[in-house]
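# Commentary on secondary and tertiary structure
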Amino acid sequence: MENETFDEDQPEECFSANLFVDKSYVKRNFSFDKDDKTFSFDVMLLESAATDYDLTGQVIWPAAVVLCRYLIQNQDWLRDKSILEVGSGVGICGFLAALISERGCLLTDSIDVVMDLLIQNVALNQVPGSKCAGMKLDWTDSDSIQNVLVAYPNKFDVIIGSDVVFWQVNIIPLLNTVKALIAPKGKFILCYQSRATQSDAYLLQKSEEIGFTHTSVSLSNFITNTDELELKKHVMLLVFQLNDSVQT
């Protein structure tokens, strides 16, 4: 019998991402209330985090819940807006947006196994009052961005994202994607867990270089529970808008 050999310089031929994928999904209900209105939806997700191969999109992170609270607080403003969610993962922010907006929400991600889960959740949320759709969007692939533009030529009034700047290398592709897909006067609402002041500074520096201005939103504007505010004290919420001179 011949001995099997492998090339140490080609590990991708010996290992598969599927070895690390956990698909033990469970169904959970999410419900958000404000002013006697209740927005409720179901999603499939993992109960615990899986970070191998960047599969963080299979779970819910604190910033996503904070972003949902912000969307609820601003539901009147969002009602007539077209909305895109980048890095949707499980999709709770996008499904909430789809219930709030009369024009619906497009939910997107780029990792194949996460997209499989997201499409399951889109199908799960094809219910009256919700206008949601799912589509693959790779921030590093111009063809992928163009596919979204072909399907949605009027672009999006609002783009939302939660914890999509975990890896610094993704920041410039993300901002360029938002720049390509945002409608004139549109806003990009970004919520994320601050993990390093250096990364925070890099995000703001690159956003300015690409042509965005930003405002920081205090969580106390829409979260009143002091214990929850303490738990979320490292969560940042920023609203970006393109300068008129660089709007594409």
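Keep in mind the model is a prediction, meaning the values are calculated, not measured.

Here the focus is the packing of helix α5 (residues 142–151) against helix α6 (residues 171–181). One can describe the packing of α5 onto α6 by two numbers: an axis separation of 10 Å at closest approach and a directional angle of 25 degrees. By the angle between their axes, α5 is roughly parallel relative to α6. When the axes of α5 and α6 are compared, the crossing they make is right-handed. Contacts between α5 and α6 pair Ile145, Val148 and Leu149 from the former with Thr177, Ala180 and Leu181 from the latter. Split by residue class, the contact of α5 with α6 holds 5 nonpolar, 1 polar and no charged.

Within this model, the second largest pocket holds a volume of roughly 170 Å³. The wall of the second largest pocket is formed by Phe32, Asp33, Lys34, Arg69, Ile72, Gln73, Phe222, Ile223, Thr224, Asn225 and Glu228. Going through the elements one at a time, β1 (26–34) and α1 (62–73) are the ones with two or more residues in the lining of the second largest pocket. Considered class by class, the residues forming the lining of the second largest pocket number 4 nonpolar, 3 polar and 4 charged.

Across all of its chains, the model carries 11 salt bridges by this definition. Arginine 69 is the salt-bridge partner of glutamate 228, the closest N and O atoms lying 3.0 Å from each other. Highlighted residues: glutamate 228 in helix α8 (residues 226–231) and arginine 69 in helix α1, separated in sequence by 159 residues. For aspartate 157, the salt bridge identified is with arginine 103, shortest N-O distance 2.9 Å.

Reading the values: the criteria
- Residues numbered from 1 in each chain as written.
- Predicted model: local features only at pLDDT ≥ 70, side-chain atom pairs only at ≥ 80, totals over all residues.
- Heavy atoms only, no water.
- Axes fitted to C-alpha atoms, helices over the stretch in contact; angles between N-to-C directions.
- Helix = DSSP H or I, 4+ residues; strand = E, 2+ residues; numbered from the N terminus.
- Parallel < 35°, antiparallel > 145°, perpendicular 65-115°, else oblique.
- Left-handed = near helix turned anticlockwise from the far one by under 90°.
- Contact = heavy atoms within 4.5 Å.
- Nonpolar A, V, L, I, M, F, W, Y, C, P; charged D, E, K, R; others polar.
- 1 Å grid on protein atoms, 1.4 Å probe; cavity = no way out; pocket = protein on both sides within 12 Å on 5 of 7 lines; lining within 4 Å.
- Points joined across faces, edges and corners; volume = space filled by probe spheres on them.
- Salt bridge = Lys/Arg side-chain N within 4 Å of Asp/Glu carboxyl O.

Without other data, these values stay purely geometric and don't point to any function.
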